[in-house]
Amino acid sequence: MEITFNIKYSTVWGQKLLITGSCTELGDGSIHAAKEMLYRDAGEWQLEIRLSGPVRELEYNYIIEDENGIRRMEEEKFVHHALFSDGCDSYFLYDYWLREPVDRIFYTSAFTRNLFARQEMTGADPAETPNGILLRLDAPEITPEQVVAVTGNQPCLGNWNTDHAVILSGANFPQWETGLHAGDISFPLEYKFIVLESRTNRLCYWEEGNNRRINNLHENKKSRMIINDCPLRTPDLSWKACGTVIPVFSLRSETGFGIGDIGDIKLLIDWAKKTGQHFIQLLPVNDTTRSHTWQDAYPYSAISIYALHPLYINIPMLGNLKDPERARFYSAIQQKLNAADAVDYEAVAGHKTACLREYFRQEKENTVKNPDFKKFIAENREWLIPYAAFSYLRDKNNTADFSRWGEYAHYRREKIEPFCHPENEAYDELSYLFFIQYTLHIQFAAVAEYARRNRIVLKGDLPIGINRQSVEAWTEPEYFNMQEQAGAPPDAFSVTGQNWSFPTYNWDVMEKDGFSWWKKRFHNLNRYFDCFRIDHILGFFRIWEIPLEYTEGLCGHFRPALPLSVKEIEENGITAFDERWTRPHIHIRSLPELFGENVETDTLSKYILHTDAKHLTLNGICSTQRKIKKIFEGKTDTKSQIIRDGLMTVANEVLFLEDPYRKKHYHPRISACKSYAYRELSDGNRHAFNRLYNDFYFLRHNEFWKQIALNRLTPLIRNTEMLVCGEDLGMIPASVHEVMEKLQIFTLEPERMPKTMNREFTDPGTLAYHSVCTTSTHDMSPIRTWWKEDREKTQRYYTSVLKQDGEAPEECSSGIAEQIILNHLKSSSMLTIIPLQDWFATDDSIKRKDPAAERINLPANPDNKWCYRMHIPLETLICTDSFNNKIKHLITASGRHK
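Residues numbered from 1 in each chain as written. Predicted model: local features only at pLDDT ≥ 70, side-chain atom pairs only at ≥ 80, totals over all residues. Heavy atoms only, no water.

In this structure, the amide linkage connecting Phe 173 to the following residue, Pro 174, adopts the cis form with an omega of 15°. Its place among the elements puts Pro 174 in the loop between strand S13 (169-172) and strand S14 (175-181). Cis geometry marks the peptide bond from Arg 559 to Pro 560; its omega dihedral reads 0°. Along the chain, Pro 560 falls in the loop between strand S26 (557-559) and strand S27 (564-565). Phi at Asn 159 takes a positive value of approximately 50°, unusual for a residue other than glycine. Mapped onto the elements of the fold, Asn 159 is located in the loop between strand S11 (146-152) and strand S12 (166-167). Given the relative accessible area of 45%, Asn 159 is considered partly exposed. (Helix = DSSP H or I, 4+ residues; strand = E, 2+ residues; numbered from the N terminus. Buried < 20%, exposed > 50% of the residue type's maximum accessible area, 1.4 Å probe, protein only.)

Here it is, written out as structure tokens:
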């Protein structure tokens, strides 16, 4: 078979084009073995090849080589694809150079597999006869209610009459194609693509730009021609949608077990569809079981990046216990737990797990023989066996701290594999754990498919960190810096910063294998989600790294970073760098302010000692925050808490932190201008420190972090089909927006956290199209609670944002909440995603009486209990027509219901 490749590409002197593809004659996809093309005329390049054997399909890419021999391929994420049929020995392919689409988001699975997917469409006429032409192009923005057609200056194309245009097939959406006969074409051929309503064939719009033109084709009566045309030139239609965000555990249904589950997601999909929404955003759904206590409820601290949470199994979807007495026993427990206002995590985990274990014992014999069960284990054994072994050893040793597991403290595959043998004592437990993950997968995959059929995009959540007592930390320690902790610098959520206790990533090791660890994470998410949110995307630019001896986040530093030498510090105007600035110390005059007048000097002498006549530091027994925390653990009296808090502050009293990776290089301590040590500086040193600080945190690293993020994120974004969003809140480097815009990652835009200087509130009407507009996040107060937190701020919001006169009401009424949400729905963002609690706030008949009970998380409180539950069952919500009609009206009025 002969294939002639044709492409029009303007080159400069010294450049040439080559082609590589999935056959030996094209170098088997190697950029180094690519075949050189022949320059013909007017920017046209051609290559003829003869294939030695039968080929049914071919993938290929074009390459440009400069005068220095450096080769660059087309956009890596996209390839040219040709299908060949029997009965034809000659093909002419006409292509265009593939570039990153300006509308790449419409190529994601959120659109191609979900929102715009074609449910049933027949294929195009493949132009099977010799001398046939297959005309095709990409048009991913076409909704299911539309089709693409072509018209032009030929009778077979309707002679520019749109009523007689040729409709293309979208069977291979987002690619559209139609077959023509070369004998029906008189050259030059001019044509344009149009978009029609699929039911009526009524014209929606013409594509933009000039007519497309083909002066001639290399006509050969025994050949077929495939014209891969440039993508549809769609006018700016600014498609928009909206949705709801809620943790799975917060869902409530009549059949629930005191916690939300996968079956509840299906009900939520029904509600979203009924109200005209297209997105459901969930918090992380991975297994967090570490201690079998309420602390396991924290969804951002998973013990596995693959395993789903066992508590999210829907028991009715699973089946019933055959023993009537045991069934009644668990039914009574289920009803009691399900009646609770909040999630009683320990009670739910204990009873639901016991019920699942009884069901497994009942069905074990059939389950282990099930071919689908065996297939699931075989396809997922890479992560499933280590996860099951970890869970087994955690419970056997009564700790998730694998350093205390004796011979299993260090993961060895050859030691774990025997656990799967039927004669091993661990086999029954591992079989149960395999069954749980198999069941979760079957249920979640079914719900994901249900969502796609109903054009509802499930949006997942990718936590930035992993628990230091997790499967991955045990099995792949080379990827992590276990001696450090990840967190966040001070922000609106916490004045002392946040310490998440997660190990930081060893990015150098991850890069060596092409970030395979992250790519597998992304791939696993795509099993259930068509969109996801990268938690703390700033961690891909730099992470806030905190030494293990600290429990707060103030004495952290960014990594990677460009720490300052002593010479640089002094060149910035600080005179005589003092090593004491790097060690905790406090002036004696600050003691009353720190500890109050009622704490005796003798009491303090147990914890602090003099470094000179005027300064004190922490002594050996409490020289770190971790030691201080341990000393005062369980002491709840006021005096002890005052002393503890004061000592914690002293531990933070430094102006510079030495970089752990470059000795004698330093980071200015974050928020140092609020420290006691800063007060002691001379006026000149204070001014110099301020200049140094501002340059270090807001200028010095911008380009450096930009390149770091592009190096990490680019291969990951190209490797996933999902629509990618990022949580870019907090202390944001100036380069973050540029990188996210370049990679088409959606930003997160809460109205109360503006990213523009000197603004108190974000203006939803000015947001970038590639963004998610929202009223609040799980780390913030819902609308009604926030309204009462700061009366002065609420008044300013009432006057300047809502444009209301007079004094702001004490309570956020349903009318006010409705106006707030409507403002968000009218934003310029493609997506507006509202917390379920804020939707409820718009209706007096449905909203919760106590708004304070709707708060999900307090970031400043490490002991926060993640226990919020919606207060009415989803079955009731679906039937509450007055509320649902109001939501649908708001969405329709904003132009987001399509």
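Here the focus is the sheet that holds strand S29 (residues 608-610). Here three strands make up an open sheet; going across it, the order is S28-S30-S29 and the pairing antiparallel. If you trace the sheet from one side to the other, it starts and ends with strand S28 (586-587) and S29, each paired once. In this sheet, strand S30 (residues 615-618) lies alongside S29 in antiparallel orientation, the contact comprising three bridges. Paired with Leu 609 across the strands is Thr 617, a residue of S30. (Pairing = 2+ DSSP bridges.)

Let us now look at the sheet that holds strand S24 (residues 531-534). One open sheet holds the eight strands; their spatial order is S33-S24-S21-S20-S19-S36-S35-S34, and the pairing between them is parallel. Two strands in the sheet have a free side with no partner beyond their single neighbour: strand S33 (723-726) and strand S34 (747-750). Taking the axes of each pair of neighbouring strands and ignoring which way they run, one obtains an average angle of 25° across the sheet. Bridge count for S24 against S33 is four bridges, and the pairing is parallel. Its bridge partner being in S33, Phe 532 is matched across the sheet by Val 724. Sheet contacts for helix H2 (residues 262-274): strand S19 (241-245), strand S20 (279-281) and strand S21 (457-462); angle to S20, the most-contacted strand, approximately 140°. (Axes fitted to C-alpha atoms, helices over the stretch in contact; angles between N-to-C directions. Contact = heavy atoms within 4.5 Å.)

Bringing the packing of aromatic side chains into the picture now. The description of two aromatic rings rests on the distance between their centres and on the angle between their planes. Following the criterion strictly, the structure yields 68 aromatic pairs and no others. Arranged with centres 5.6 Å apart and planes meeting at 70°, the rings of Phe 444 and Phe 529 form a pair that is edge-to-face. Of this pair, Phe 444 sits in helix H8 (residues 427-453) while Phe 529 sits in the loop between helix H11 (516-525) and S24, and the two are 85 residues apart along the sequence. Relative accessible area serves as the criterion here: at 2%, Phe 444 is assigned to the buried category. Between Trp 517 and Trp 518 the ring centres are 5.1 Å apart and the planes differ by 85°, which places this aromatic pair in the edge-to-face class. Just as Trp 517 is buried, Trp 518 falls in that class too. Ring pairs connect the aromatic residues Trp 544, Phe 558, Phe 577, Trp 581, Phe 656, Tyr 666, Tyr 678, Phe 689, Tyr 693, Phe 696, Tyr 697 and Trp 705, which therefore count as one cluster. Over the aromatic face of Phe 173 sits the side chain of Arg 118, whose NZ or CZ is 4.6 Å from the ring centroid. A cation over a ring is seen here: Arg 559 above Tyr 661, with NZ or CZ 3.8 Å from the ring centre. (Phe/Tyr/Trp six-rings, centres within 6.5 Å; stacked < 30°, edge-to-face > 60°. Lys NZ or Arg CZ within 6 Å of the ring centre and 35° of its normal.)

Burial of strand S32 (residues 665-668) is two-sided: the residues His 665 and His 667 facing one way and the residues Tyr 666 and Pro 668 facing the other way are all buried. As defined by bridge partners, S27 adjoins S32 across two bridges and the pair is classed as antiparallel. Across the sheet, residue Leu 564 finds its bridge partner in S32, namely Tyr 666. Relative to S32, strand S31 (residues 656-658) runs antiparallel, the two sharing three bridges. The partner of Leu 657 across the bridge, within S32, is His 667. Connecting the antiparallel pair S31 and S32 is a turn made up of six residues, with Lys 664 showing a positive phi of about 65°.

This part takes up the nonpolar core. Ranked by internal contacts, the top residues of the largest apolar core, which has 237 residues, are Phe 279, Phe 444, Trp 518, Phe 656 and Trp 787. Setting aside anything within four residues of it in sequence, one finds Trp 518 in contact with Leu 462, Ile 464, Tyr 505, Trp 507, Met 510, Phe 540 and Leu 716. Grouped together as the second largest cluster of nonpolar side chains are 26 residues, Leu 47, Ile 64, Ala 82 and Cys 88 included. (Core = buried A, V, L, I, M, F, W, Y, C linked by side-chain atoms within 4.5 Å.)

Another point: the pattern of salt bridges. Inspection of every chain in the model, using the stated rule, returns 48 salt bridges. Of the charged contacts in the structure, one is a salt bridge between Asp 530 and Arg 113, with a shortest N-O distance of 3.9 Å. With a gap of 417 residues between them, Asp 530 in the loop between H11 and S24 and Arg 113 in helix H1 (residues 109-115) connect regions that are remote in the sequence. Taking the relative accessible area as the measure of exposure, Arg 113 reaches 36% and is therefore partly exposed. Residue Arg 213 is joined to Glu 190 by a salt bridge in which the shortest nitrogen-to-oxygen separation is 2.7 Å. Remark: Glu 190 occurs in strand S15 (residues 189-197) and Arg 213 occurs in strand S17 (residues 212-214); sequence separation between them is 23 residues. (Salt bridge = Lys/Arg side-chain N within 4 Å of Asp/Glu carboxyl O.)

It is the contact of helix H5 (residues 345-369) with H8, at a shortest axis distance of 10 Å, that shows an interaxial angle of 100°. As judged from the angle between their axes, H5 and H8 are roughly perpendicular. On the side of H5, the interface is formed by Thr 353, Leu 356, Arg 357, Tyr 359, Phe 360, Lys 364 and Thr 367, while H8 contributes Asp 428, Glu 429, Ser 431, Tyr 432, Phe 435 and Ile 436. Tallied by class, residues from the contact of H5 with H8 come to six nonpolar, three polar and four charged. (Parallel < 35°, antiparallel > 145°, perpendicular 65-115°, else oblique. Nonpolar A, V, L, I, M, F, W, Y, C, P; charged D, E, K, R; others polar.)

Turning our eyes to something else, we now look at the packing of H2 against H8. Running from amino to carboxyl end, H2 crosses H8 at an angle of 5°, the nearest separation of the two axes being 9 Å. Of the possible angle classes, the one that applies to H2 and H8 is roughly parallel. Residues Ile 262, Ile 265, Lys 266, Ile 269 and Asp 270 of H2 lie in contact with H8, whose contacting residues are Leu 440, Gln 443, Phe 444, Val 447, Tyr 450 and Ala 451.

Bringing H11 into the picture now. Among all positions of H11, only Trp 517, Trp 518, Arg 521, Phe 522, Asn 524 and Leu 525 are buried. Viewed end-on, H11 has its buried residues packed into an arc of 160°, placing them on one side of the element. (Arc of directions from axis to C-beta.)

Further remarks concern the side chain of Thr 275. Secondary-structure assignment places Thr 275 in the loop between H2 and S20. There is a polar contact of 2.9 Å between the side chain of Thr 275 and the side chain of Gln 277. When residues no more than four places from it in sequence are discounted, the contact partners of Thr 275 are Asn 884, Ile 887, Lys 888 and Ile 891. (Polar contact = N/O pair within 3.5 Å; in protein donor to acceptor, adjacent residues only side chain to side chain.)

Right, let's talk about the pairing of strand S25 (residues 543-547) for a bit. Counting buried residues along S25, five of its five residues qualify, which places the element largely inside the surrounding structure. Side chains Ile 543, Glu 545 and Pro 547 of S25 all project onto a buried face; the interleaved residues Trp 544 and Ile 546 project onto the opposite face, where all are buried too. In the sheet, strand S22 (residues 480-488) pairs with S25 via four bridges, with the strands oriented antiparallel. Residue pairing for S25: Gln 485 is matched across the bridge by Ile 546. Relative to S26, S25 runs antiparallel, the two sharing three bridges. Bridging from a neighbouring strand, Ile 543 pairs with Arg 559 of S26.

Attention now moves to the environment of His 536. Secondary-structure assignment places His 536 in the loop between S24 and S25. A relative accessible area of 6% places His 536 in the buried class. A sequence separation of 15 residues divides His 536 from Thr 551, and the C-alpha atoms of the two residues are 20 Å apart. His 536 has contacts with Ile 464, Gly 487, Trp 500, Ile 543 and Glu 727, leaving out every residue within four places of it along the chain.

On average, residues of the chain score 94 in pLDDT, and 98% of them are at 70 or above. Counting contacts from residues 123-127, a segment whose pLDDT is below 50, to residues more than four positions away or on other chains yields 14 contacts. (pLDDT = per-residue confidence, 0-100.)

This part is about the environment of Pro 660. Mapped onto the fold, Pro 660 is located in the loop between S31 and S32. Linking Pro 660 and Pro 547, residues 113 residues apart in sequence, is a C-alpha distance of 8.9 Å. Not counting residues up to four positions away in its chain, the partners in contact with Pro 660 are Glu 484 and His 557.

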